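Residues per chain, in single letters:
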Amino acid sequence: MKIFISHSSKNVKFGQAIVDLLLAVGVSSNQIIFTSNDAFGIPTGQNIFDWLKEKITEKPHVIYLLSPEYYSSVACLNEMGAAWIIENKHTIIFTPEFKSSSPEFQNGALDPREMGFKINNLDRIIQFIESLKVDFNISVNPVLVNQKIRKFIEEVNSFEPTKELRTIPHIDLRTIPHISNVHVNKLDEKKTENEIVIEPLKKVVDPQTNSNQLNKFLRDLQDGKLKDEEIILLQYISDTARYKLGVGWKSAGEIENVKTWEDINSLNSKLSSNYEDIMRRYDFRKLTEVSEVTSSNNPREVILIPELREQILDLPEYILPYIQEVIEKNQKADVIWSFEQKKEDFPF
């Protein structure tokens, strides 16, 4: 049996901590599937979707690492649905800020009556490691195991909370030069007097971004000036982590990957049908750079500019609704994931 860690790429630090704990207590490295680390993820040259489908059908022990970011990712929810149908055993672990009372969890595929636990709950982590002894060669040295678990708890407790959930100390923004594009809500009566809420205005551009091209691209996205396909490509790159994209004669292979992704996410073929045109648009906007050429010096692969790669790893909150709106608009009305269907109704 293998252990498959289903997680959002934005929670990679928690996922890697789980991997390190599993290795420390005796689980073999070839028994762990963790796609955010190349050592435990998708081998070079493999099709990401086919490889994941194959691994899921092997009935692994699935660890669902649930978080707000997990439930905001279409790719994660599809992965959950596929794993839920096939998996043999599973464990539900919450990141520290995730609430099990959230509507997403209460109405999702996983049974909310089943006991999940916070990743920094010492007693429950001890019980979890103990339960793995049925299928894995966990160390029989209790001192070593306890030491590794306590080190794990210390590590996850040291992680910074996600930006959106941090408590921001009360600051008079008018005393700070060069602060713009924000407004301050009046203090909520239920909040303490040293807390304040800072929200971005509806249309802003990240001041940390140094690229004029990227700033213009984000402005055009918010102003509705982009084609749907240009926005859908962003989601494709974010879901698949494919920052290098085939062009020229390699376009055909990339289009096949896009078609598979569209099918998994119940999307129409707008991106795959217009892929080459969209890549030309990204080139015109100077959002890509040539990373590989043919013997005739023609581009066959491009990579996103560094600024855009960094943005896609952690898309700004004010951008997400615009992307989600386009994704929902281009989803097929007659092909929708339904967690209520019986398992035998699914093809794998």
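The present account deals with the structure reproduced in this document. (Residues numbered from 1 in each chain as written. Predicted model: local features only at pLDDT ≥ 70, side-chain atom pairs only at ≥ 80, totals over all residues. Heavy atoms only, no water.)

### Quick notes on the overall build of the protein chain
A count of helices and strands for the protein chain gives 14 helices and 10 strands. The buried share among the 348 residues of the protein chain stands at 42%. Considering only contacts within the protein chain whose residues lie at least 6 apart along the sequence, 66% involve residues at least 24 apart. Accessible surface, the protein chain as shown: approximately 19300 Å² in total, 49% of it carbon and sulfur. (Helix = DSSP H or I, 4+ residues; strand = E, 2+ residues; numbered from the N terminus. Buried < 20%, exposed > 50% of the residue type's maximum accessible area, 1.4 Å probe, protein only. Contact = heavy atoms within 4.5 Å. Areas by Shrake-Rupley, 256 points an atom, 1.4 Å probe, with all protein chains shown as cover.)

### Overview of the sheet that holds strand β5 (residues 117-118)
As summarised here, the arrangement of the five strands in space is β2-β1-β3-β4-β5, forming an open sheet in which the pairing is parallel. In this open sheet, the two strands that pair with only one neighbour each are β2 (32-33) and β5. In the packing of helix α1 (residues 12-25) onto the sheet, contacts are made with β1 (3-6), β2, β3 (61-66) and β4 (89-94), and the angle to β3 comes to roughly 145 degrees. (Pairing = 2+ DSSP bridges. Axes fitted to C-alpha atoms, helices over the stretch in contact; angles between N-to-C directions.)

### Re the pattern of salt bridges
Tallied over the entire structure, the rule returns 15 salt bridges. Between Asp228 and Lys270 there is a salt bridge, with its nearest N and O atoms 3.5 Å apart. Taken together, the residues Asp228 in helix α9 (residues 228-240) and Lys270 in helix α11 (residues 270-273) connect sequence positions 42 residues apart. On the basis of relative accessible area, Asp228 is assigned to the buried category, the value being 14%. Through salt bridges with shared partners, a single network forms among Lys216, Asp220, Lys227, Glu230, Asp277, Arg281 and Arg285. (Salt bridge = Lys/Arg side-chain N within 4 Å of Asp/Glu carboxyl O.)

### Some thoughts on the packing of aromatic side chains
Following the criterion strictly, the structure yields nine aromatic pairs and no others. Each ring, one from Phe14 and one from Phe159, has its centre 5.2 Å from the other, and the planes form 85 degrees; the classification is edge-to-face. One end of the pair, Phe14, is in helix α1; the other, Phe159, is in the loop between α7 (142-158) and β6 (182-184), and 145 residues separate them in sequence. Every member of this aromatic cluster is reached through a ring pair, and the members are Tyr70, Tyr71, Phe94, Phe98 and Phe105. (Phe/Tyr/Trp six-rings, centres within 6.5 Å; stacked < 30°, edge-to-face > 60°.)

### Observations regarding unusual backbone geometry
Of note in this structure, Ser266 is not a glycine but carries a positive phi near 55 degrees. Along the chain, Ser266 falls in the loop between α10 (251-264) and α11. The exposure class assigned to Ser266 is buried, which follows from its relative accessible area of 7%.

### Looking at the nonpolar core
Grouped together as the largest cluster of nonpolar side chains are 35 residues, with contacts concentrated most on Leu233, Tyr282 and Leu308. Those elements that provide at least two residues to this core are α8 (212-222), α9, α10, α12 (275-284), β10 (299-304), α13 (306-313) and α14 (320-329). If one sorts the elements of this core by residue count, α9 sits on top with six residues. Setting aside its immediate chain neighbours within four residues, Leu233 contacts Leu245, Leu271, Ile278, Met279 and Tyr282. One finds Ile5, Phe40, Ile129 and Phe136 within the second-largest nonpolar core, a separate group that totals 29 residues. (Core = buried A, V, L, I, M, F, W, Y, C linked by side-chain atoms within 4.5 Å.)

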